[in-house]
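# Structure at a glance
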Amino acid sequence: MASYIYVTVAIMFVITPVHVHSLAIDQMIQNVTSESNNVTSSGTNMTSSWGNMTSSMINETEKNCTIIVQERPKAVEVKLTELANKTEENFINVQEGLADVLDQVLTNFTESVNRVYADNNHLLERLNDLEANFNEVKAEKVATEQTLQDIYTEELSCEYIRDNVSASMTPKSGLYWLRDKYGRRYVTYCDFDAEGRSWTLVASVHENKMGIDGRCNAGDKWSSELGKDADPNADTAWSDLSTFGDVTTATSGDYKSPGYFSANAKNVMIWHVKEHTPVDELKEKAYLRYRTTNNILQTYGGNMYTLYKDHYTHKPGAANYPNHGPSAPVTYDKGSWAEHSYHLGTHVKTYVTGAHIQFRAVTLSKDSFALCPGGAITKSTAAAHDNAPYFCLGSNPKTKDSRYCGDFGWWDRDGYGKGIGYSADQTLVKTAFLIFYD
């Protein structure tokens, strides 16, 4: 039994983990020794042979335990030292590896920060560039808006078109979009001559029907379309703000553009063009072209509207004979007064001073005619002033003598288109009179 105990104790020491502290081993030896003494004491009654064998086993066990107790702490210490060295080595390796990793991380981070900083600087530069560009665009927008404002509030005339074309060329005469001082856009004909003048077509006067049943009737927009029902005190087309007709058919019907009353003009030009002439052939087909040169319109407000509205009223009874309106001499660009007068009745030309334009001619009966193209009724006799119905354009409404009423008055007194006595010839009665401003 004692042997079994010692063997068990020995085995216990053998299998004890290497990390058991030496003090614990000493305590175990003391406990084993105490147990052995107890066993020895309790076995004193056994036989002497058994006791000797037991003593021998005890001695052997004690020897083994002593060896174990002496050698185990050294092995543990060696192991611990090896472990500590290895741990320190591993720690150093880990530390070195970690340091390398941290260095790489720091390097990468620094590079990233530098890139971000560079990108940020680039972004700031781009933002500054964008801001500068935005400011430029904003300035251009303001300038464009101002330009558009100027364009849409200032009058766009034929003269403007000419002045804004290259000095090396003259713009082609023809149709152009214009704009009056009120911002109203319209299409009309611009004539650009070789001397650098710009002329704007503002009106045309055309007689669509003559004879007793054509007096101040439909189509007579420059006199009256209401016949005997007209209001004699109403403004006529010469002195109101109406517009009518189409520039493309200006030789087939009456025409009046916004330029008639909105332009600030100096002179008047008149073309005689056969009726129904296409608009792109006006200049070529005009058989007479003449113009004032003394800037007469500047004396009366800059256009014919203000001349009639504010200075020489175009109404029945507005003036007494011989208080007719002003006249101005003209220069012929095509034709002459001799050619012009050829188309007048024999009696009419006797009382007309040629190569002029007269604005309002008054008869003895106090009727007025707005425009006398190519001549002025300036003779001192009463008979001369009563020639206005046979030569001038645009009677006032409701004339005292109904035969005078109409765009062409009484141009057919001695027969339609006869060219004798007081009648104009066929060429003149089939003419559209085109009125231009410069």
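## Let's talk about the overall build of the protein
When its secondary structure is counted, the protein shows 13 helices and 13 strands. Within the protein, the fraction of its 438 residues that count as buried is 40%. Sequence separation of 24 or more characterises 64% of the internal contacts of the protein that already satisfy a separation of 6 or more. For the protein, the exposed area adds up to about 23,500 Å²; of that, 54% sits on carbon and sulfur atoms.

## Describing the state of the cysteines
By definition, a disulfide links the sulfur atoms of two cysteines through a covalent bond. Tallied over the entire structure, the rule returns 3 disulfides. The disulfide that involves Cys216 links it to Cys405, with 1.7 Å between the sulfurs. Since a negative S-S torsion denotes a left-handed disulfide, the Cys216-Cys405 link at about -85 degrees is left-handed. Of this pair, Cys216 sits in the loop between β3 (198–205) and β4 (255–256) while Cys405 sits in the loop between β12 (393–395) and α13 (426–429), and the two are 189 residues apart along the sequence. A relative accessible area of 1% means that Cys216 is categorised as buried.

## Points about the packing of aromatic side chains
One pass over the full model with this rule turns up 18 aromatic pairs. Aromatic side chains Tyr290 and Tyr332 sit 5.0 Å apart centroid to centroid with 45 degrees between the ring planes, which places their arrangement in the tilted category. On the criterion of sequence distance, the pair formed by Tyr290 in strand β6 (residues 288–292) and Tyr332 in strand β7 (residues 327–334) is long-range, its members being 42 residues apart. Just as Tyr290 is buried, Tyr332 falls in that class too. Centroid distance Phe408 to Trp411: 4.3 Å. Interplanar angle 20 degrees. Geometry classified as stacked. Both residues of the pair, Phe408 and Trp411, belong to the buried class.

## Quick look at the side chain of Asp191
Mapped onto the fold, Asp191 is located in strand β2 (residues 185–192). Separated by 3.3 Å, the side chains of Asp191 and Ser173 make a polar contact. What Asp191 contacts, discounting residues up to four positions off in sequence, is Ser173, Arg197, Ser198, Trp199, Met269, Trp271, Lys283 and Phe436.

## Some remarks on unusual backbone geometry
Within the chain, Lys366 stands out as a residue other than glycine whose phi angle is a positive 70 degrees. Phi at Lys398 takes a positive value of approximately 55 degrees, unusual for a residue other than glycine. Positionally, Lys398 belongs in the loop between β12 and α13. Lys398 sits in the partly exposed class, given a relative accessible area of 42%.

## Re a nonpolar patch on the surface
Together, Val94, Leu98, Val101, Leu102 and Val105 make up an exposed nonpolar region whose accessible area comes to about 450 Å². Along the polypeptide, Val101 turns up in helix α3 (residues 48–153).

## Here we look at the confidence of the model for the protein
Averaged over all residues, the pLDDT of the protein is 83; the fraction at 70 or higher stands at 77%. Predicted confidence for residues 1–22 stays below pLDDT 50, and this span has 24 contacts to residues more than four positions away or in other chains. For residues 42–47, every residue scores under 50 in pLDDT, and the model assigns this stretch 0 contacts once sequence neighbours within four places are set aside.

## Focus: the pairing of strand β13 (residues 431–437)
When you tally the buried positions in β13, you get 7 out of 7 residues, the bulk of the element. Of the two faces of β13, the one lined by Thr431, Phe433, Ile435 and Tyr437 and the one lined by Ala432, Leu434 and Phe436 are each fully buried. The sheet contact formed by β3 and β13 spans 5 bridges and is antiparallel. Bridge pairing links Thr200 to Tyr437 in β13. Across 7 bridges, the pairing between strand β5 (residues 268–274) and β13 is antiparallel. The partner of Lys274 across the bridge, within β13, is Thr431.

## So, the nonpolar core
Within soluble globular proteins, side chains that are nonpolar generally end up buried alongside one another. With 53 residues, the main nonpolar core has Trp238, Tyr260, Met304 and Leu371 as its most contacted residues. When residues no more than four places from it in sequence are discounted, the contact partners of Met304 are Trp238, Tyr260, Val268, Leu297, Phe359, Leu371, Ile435 and Tyr437. Counting 15 residues, the second-largest nonpolar core is a separate cluster that includes Tyr189, Ala250, Tyr255 and Ala432.

## Things to note about the pairing of strand β10 (residues 368–372)
Across the 5 residues that make up β10, a large majority, 5, are buried. Pairing of strand β9 (residues 356–362) with β10, which is carried by 4 bridges, proceeds in the antiparallel orientation. Residue pairing in the sheet places Gln358 in a bridge with Cys372 of β10. With antiparallel pairing between neighbouring strands as the criterion, β9 and β10 make up a hairpin whose turn holds 5 residues, including Lys366 at a positive phi of roughly 70 degrees.

## Section: the pattern of salt bridges
Inspection of every chain in the model, using the stated rule, returns 13 salt bridges. For Arg197, the salt bridge is made with Glu195, and the minimal N-O distance between the two is 3.2 Å. Between Arg291 and Asp333 there is a salt bridge, and its shortest N-O distance comes to 2.8 Å. Placement of the pair is Arg291 in strand β6 and Asp333 in strand β7, with a sequence separation of 42 residues. On the basis of relative accessible area, Arg291 is assigned to the buried category, the value being 10%. A relative accessible area of 35% means that Asp333 is categorised as partly exposed.

## Considerations on the side chain of Asp407
Mapping Asp407 onto the fold places it in the loop between β12 and α13. Put simply, Asp407 is tucked away with no salt bridge, and the nearest opposite charge, on Lys221, sits 8.9 Å away. With residues up to four places along the chain from it excluded, the contact list for Asp407 reads Val205, His206, Glu207, Gly219, Asp220, Lys221, Trp222, Ser223, Asp254, Cys392, Leu393 and Gly394.

Calculation criteria
- Residues numbered from 1 in each chain as written.
- Predicted model: local features only at pLDDT ≥ 70, side-chain atom pairs only at ≥ 80, totals over all residues.
- Heavy atoms only, no water.
- Helix = DSSP H or I, 4+ residues; strand = E, 2+ residues; numbered from the N terminus.
- Buried < 20%, exposed > 50% of the residue type's maximum accessible area, 1.4 Å probe, protein only.
- Contact = heavy atoms within 4.5 Å.
- Areas by Shrake-Rupley, 256 points an atom, 1.4 Å probe, with all protein chains shown as cover.
- Disulfide = S-S within 2.5 Å.
- Phe/Tyr/Trp six-rings, centres within 6.5 Å; stacked < 30°, edge-to-face > 60°.
- Polar contact = N/O pair within 3.5 Å; in protein donor to acceptor, adjacent residues only side chain to side chain.
- Patch = residues over 30% accessible without salt bridge, like charges linked within 9 Å, V, L, I, M, F, W, Y side chains within 5 Å.
- Salt bridge = Lys/Arg side-chain N within 4 Å of Asp/Glu carboxyl O.
- pLDDT = per-residue confidence, 0-100.
- Pairing = 2+ DSSP bridges.
- Core = buried A, V, L, I, M, F, W, Y, C linked by side-chain atoms within 4.5 Å.
- Lys, Arg positive; Asp, Glu negative; His and termini not counted.

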